[in-house]
Amino acid sequence: DGVGAKIHSVRVRASMGGTDWLAFASADRWLISKHFELGTTNDIQKRPDYAFYGIGSDTRDAALSRYGATTSNLRLNLRSSWGSSALETSLGYRQARFAEGGFGSDITVLEATDRGRWQAPPGYEHGYKAPVLQSRLVLDSRAPESRSETGARLELDFEEGADLRRAREAGWLRYGATAGVFYDLGARGRVFSLSASTELVSQVGSREVPFTELGTLGGANKMAGFREGRLRGESSAV
């Protein structure tokens, strides 16, 4: 904190597990005022063990296959807040290159393709390079200074991306919304909540959306009881 200026903070993280396992992430934030901040985030990863089960709602655990990928995600972020609500906008660049990879005795995506399990996932062969625009609006009725967590929350998300090499033929639009209500029992941190969430991803142009840009459930995303990347598709509801 306080790097070069009191309002500037920096975070950096790196890890390595051999040449096939690399990760680097950095973030810096400028707190321009109490309600406005500017920052950048950068994330680069390379690993050989990503899981792919297929696309759609009828995939099975037994369809597990592996692939390798090198991904980078660079973003310039703007955030304006009032109370517990906020408007966030980012302009970024996203790149992905895929390789056969593998982990233990699990078969690879290409091996599963050769066996006729599915066609190669969209975007797997050539990867993609895409500028990405993202926006997120959060409306929350709960005041930050209040002891009670009773209230309602609405989140609206939008994303647009286009492959730089095939801008007229490849791109995607992503829409998402989450609405929730919360009831705090006696303002003691015991909160009952009910939320509903939906996400839609649609292709722009004639080429299909890269499989890693489809809606995903599992892992750090919604429905965390599933493994990372367990469910992929053009729409989801939770």
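Residues numbered from 1 in each chain as written. Predicted model: local features only at pLDDT ≥ 70, side-chain atom pairs only at ≥ 80, totals over all residues. Heavy atoms only, no water.

Draft legend 1. Main features of the pairing of strand β2 (residues 22-33). When strand β1 (residues 8-16) meets β2, the two strands line up antiparallel, connected through nine bridges. Across the sheet, the residue bridging to S15 is A23, located in β2. Between the antiparallel neighbours β1 and β2 lie five residues, among them G18 with a positive phi of about 95 degrees. Sheet analysis places β2 next to strand β3 (residues 36-52), joined by 10 bridges and oriented antiparallel. Across the sheet, residue D28 finds its bridge partner in β3, namely T40. (Pairing = 2+ DSSP bridges. Helix = DSSP H or I, 4+ residues; strand = E, 2+ residues; numbered from the N terminus.)

Draft legend 2. How the structure looks around the nonpolar core. By size, the foremost hydrophobic cluster in this structure holds 19 residues, and its most contacted members are Y67, F98, W172 and F211. When contributions to this core are tallied by element, the ones reaching two or more residues are β4 (65-82), β5 (85-99), α1 (109-114) and β6 (128-140). No other element matches the three residues that β6 contributes to this core. Once residues within four sequence positions are removed from consideration, F211 is found in contact with F52, I55, Y67, F98, P121, P122, Y124 and R232. (Core = buried A, V, L, I, M, F, W, Y, C linked by side-chain atoms within 4.5 Å. Buried < 20%, exposed > 50% of the residue type's maximum accessible area, 1.4 Å probe, protein only. Contact = heavy atoms within 4.5 Å.)

Draft legend 3. Region of interest: the environment of D184. Mapping D184 onto the fold places it in strand β8 (residues 171-184). Sequence separation between D184 and R147 is 37 residues, and the spatial gap between their C-alpha atoms is 9.4 Å. Apart from residues lying up to four places away in sequence, D184 is in contact with R147, S148, E149, T150, G189, R190 and V191. Within the structure, D184 has its side chain in polar contact with the backbone nitrogen of E149 (distance 2.9 Å). (Polar contact = N/O pair within 3.5 Å; in protein donor to acceptor, adjacent residues only side chain to side chain.)

Draft legend 4. Highlighting the sheet that holds β3. Strand order in the open sheet formed by 10 strands is β1-β2-β3-β4-β5-β6-β7-β8-β9-β12, with antiparallel pairing between adjacent strands. Each of the sheet's edge strands pairs with one partner strand only, and the pair in question is β1 and β12 (235-237). Each neighbouring strand pair of the sheet contributes to a mean axis angle of 15 degrees, computed without reference to strand direction. Taken together, the 13 bridges between β8 and strand β9 (residues 191-203) define a ladder with antiparallel strand orientation. Each bridged residue has a counterpart across the sheet, and for L173 the counterpart in β9 is S202. (Axes fitted to C-alpha atoms, helices over the stretch in contact; angles between N-to-C directions.)

Draft legend 5. Highlighting the pattern of salt bridges. Counted according to the given criterion, the structure contains 18 salt bridges. Residue E37 pairs with R29 through a salt bridge whose shortest N-O separation is 3.6 Å. For E37, a relative accessible area of 18% translates into the label buried. Across the pair E159 and R94 runs a salt bridge whose closest N-O atoms are separated by 3.3 Å. Placement of E159 in strand β7 (residues 151-162) and of R94 in strand β5 is noted, with a sequence separation of 65 residues between them. Within this structure, R79, E88, R136, D140, R142, E149, R153, E155 and D157 form a network of salt bridges that share partners. (Salt bridge = Lys/Arg side-chain N within 4 Å of Asp/Glu carboxyl O.)

Draft legend 6. Highlighting unusual backbone geometry. Positive phi outside glycine occurs at M223, with the angle close to 60 degrees. Since its relative accessible area comes to 33%, M223 is described here as partly exposed.

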